[in-house]
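# Structural overview
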Amino acid sequence: MSAASCLLTEHQFLCSICLDVFTDPVSTPCGHNFCKTCITQHWDVNVLCQCPNCKEVFNTKPELRVNTFISEMAAQFRQSAQQKASSSSSSEQQAAKPGEVPCDVCTGTKLKALKSCLVCLVSYCETHLEPHLTTSGLKRHQLIEPVENLEARMCTKHDKLLELFCKTDQMCVCMLCTVLDHKTHDVVPLKEEYEGKKAELGKTEAEIQQMIQKRRLKIQEMKHSVGLSKVDADREIADGVQVFTALKESVERSQAELIDTIKEKQRKTEKQAEGFIKELEQEISELKKRSTEVEQLLLSEDHLDLLQSFTSLNAAPPTKNWTEVSVCPPSYEGTVRRAVNQLEETLNKQMKKLFEAELKRVQQSAVDVTLDPDTANPNLILSDDGKQVHDGDVKKNLPDNPERFNTAASLLAKQSFSSGRFYYEVQVKGKTTWDLGVARESINRKGISELSPEDGYWTIVLRNENKYCACAGPDVCLSLKSQPEKVGVFVDYEEGLVSFYDVDAAALIYSFTGCCFTEKLYPYFCPGPHYGGKNSAPLIISPVNHTE
């Protein structure tokens, strides 16, 4: 029997329905052989009872009995194939490891599957895959990389392969689904939808990579900002330590000088008193001697002796009139005050150095600012380059667009800022009144508005030639040592800081701190009324010359 089996080819032992070695083979009246389960299920599904191979129709379902001869031949072939597979696997193939797809055909030790068949819904090792590579009927089957749970690729409703995709319901369907539940739906082959989805995934992946790259760049930007911040912090600490060390030394030096001055006055007073006391003590000594002589004469009862001795009594020693002589304690009034004043001068010098350094730093944030004619009050006259503005005292006929100030003689810059830092300088020389600062985008530009942070303005103003105020709501009067001719405006959006500087004096005029900015900020200008020519000088946006 084994010799006979060796003369038969491998495909002669395969069921044409399941494409596997016969299990309980039966023969139809037309002479073809199938697994008993395969042909029975085939006839149960199909209306016609016909042979799957030759298509011969049977009026009645034939009574099927197992063909013992073919069954024995198939058993011997299966045993021979398993022995061959076992021998081959021991030398070439490996048993499936955890996580790897095992061969569904192997009995005993399951070998690692090489491919999975989407038609057979079976995974094959190298040995059991051979029929799919050599048999013409099996070559047409679709092989894929080995996957588990091939049953999931079958339609649960019709037990057919899921080989189509319904775009309407966004689900995989079988061929029967397209003529029943999804008859009018947009259905395409899986491959077409696969390629479309793969293209989308490729696009998504590219977008994700772009987002990752942007975030990496943002990380680099943040690290760079942190590095710059550390440099700034170290510089500020060094400057602060230097200033406070100088102040500490100055205080200690002033204190020592104050103590020395007071002690020197005390020493002079003590020395003067010592001189007077010594002189007085010497006079007392002389007077005591004379007193002794006088006492002796007073005790004498000899008239002649007293008279003779009296004439020979030494003349009285010279003495000073001490009535007007006194030791006055020194006056210390003003000593401490003068020392503090001197210390204040030192502090002012240090503060000036600090402001000069601060101004130099903020000037690094200089921006180019140009006046916006669309926001200018009709009374204002702008230069062609948009850098100068003054009140013309004559109202021009201009459209009252929403951006324009129609009552206040004000205007904004074209540039706006919603992050970071910016700085610009404005010449105010020769003017008797002006307003400068920044304003948020949503300010009321019609009618009269109060200049205050609550209403969206952060400004300082000059009124009546020498009255300077910060419009902090309520106003804060500013005491300036000199009238600024050029004002620097600095804004740190994130820090909530608006500072004004006297550029020429390198001095801080005023700072708004703790501000909360949520809108765009625009540089704000008001050259003030003409006042019959007294205030005709323009506000001039000046180029920033970085202080040395």
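See the structure printed just above.
A brief structural summary.

Reading guide: rules and limits
Residues numbered from 1 in each chain as written. Predicted model: local features only at pLDDT ≥ 70, side-chain atom pairs only at ≥ 80, totals over all residues. Heavy atoms only, no water. Salt bridge = Lys/Arg side-chain N within 4 Å of Asp/Glu carboxyl O. Helix = DSSP H or I, 4+ residues; strand = E, 2+ residues; numbered from the N terminus. Expected span 1.5 Å × (residues − 1). Buried < 20%, exposed > 50% of the residue type's maximum accessible area, 1.4 Å probe, protein only. Contact = heavy atoms within 4.5 Å. Phe/Tyr/Trp six-rings, centres within 6.5 Å; stacked < 30°, edge-to-face > 60°. Core = buried A, V, L, I, M, F, W, Y, C linked by side-chain atoms within 4.5 Å. Pairing = 2+ DSSP bridges.

## Points about the pattern of salt bridges
- Under the criterion given, the structure shown has 18 salt bridges.
- Residues Asp239 and Arg361 are paired through a salt bridge, measuring 4.0 Å at the closest nitrogen-oxygen approach. Taken together, the positions of Asp239 in helix α7 (residues 190-299) and Arg361 in helix α9 (residues 335-362) put the pair 122 residues apart, joining distant regions of the chain.
- Residues Lys352 and Glu356 are paired through a salt bridge, measuring 3.8 Å at the closest nitrogen-oxygen approach. Residue Lys352 and its partner Glu356 are located together in helix α9, separated by four residues, close to a single helical turn.
- One salt-bridge network, in which partners are shared between bridges, spans Glu236, Asp239 and Arg361.

## Side note on α7
- With 110 residues, α7 extends 155 Å between its outermost C-alpha atoms, agreeing within 8% with the 164 Å of an ideal straight helix rising 1.5 Å per residue.
- Of all the positions in α7, only Glu193, Val243, Leu247, Ser250, Ser254, Leu258, Thr269, Ala273, Glu283 and Leu297 are classed as buried.
- Elements in contact with the buried residues of α7: β6 (164-166), β8 (187-189), α8 (303-312) and α9.

## Quick look at the packing of aromatic side chains
- Scanning all chains against the criterion turns up 11 aromatic pairs.
- Measuring from centroid to centroid gives 6.0 Å for Phe276 and Trp322, while their planes differ by 80°, and the two rings are edge-to-face. In this pair, Phe276 sits in helix α7 while Trp322 sits in the loop between α8 and α9, placing the two residues 46 residues apart along the sequence.
- The partly exposed category is assigned to Phe276, whose relative accessible area is 22%.
- Seen in terms of ring centroids, Phe417 and Phe422 are 4.0 Å apart; in terms of plane orientation they differ by 15°. Their pairing is stacked. Considered together, Phe417 and Phe422 belong to a single accessibility category, that of buried residues.
- Aromatic rings pair up to connect Phe405, Tyr457 and Tyr524 into one cluster.

## Observations regarding the nonpolar core
- Trp434, Ile460, Val487 and Phe525 are the most contacted members of the largest nonpolar core, which totals 37 residues.
- Not counting chain neighbours up to four residues away, the residues in contact with Trp434 comprise Val428, Ile460, Val461, Leu462, Arg463, Tyr468, Val487, Cys526, Pro527 and Leu539.

## Re the pairing of strand β12 (residues 421-427)
- Most of β12 is tucked away, with five of its seven residues classed as buried.
- One ladder, built from three bridges, connects β12 with strand β21 (residues 539-542); its direction is antiparallel. Opposite Gln427, over in β21, you have Ile540 as the bridge partner.

Read these as layout, nothing more, since geometry by itself doesn't imply function.
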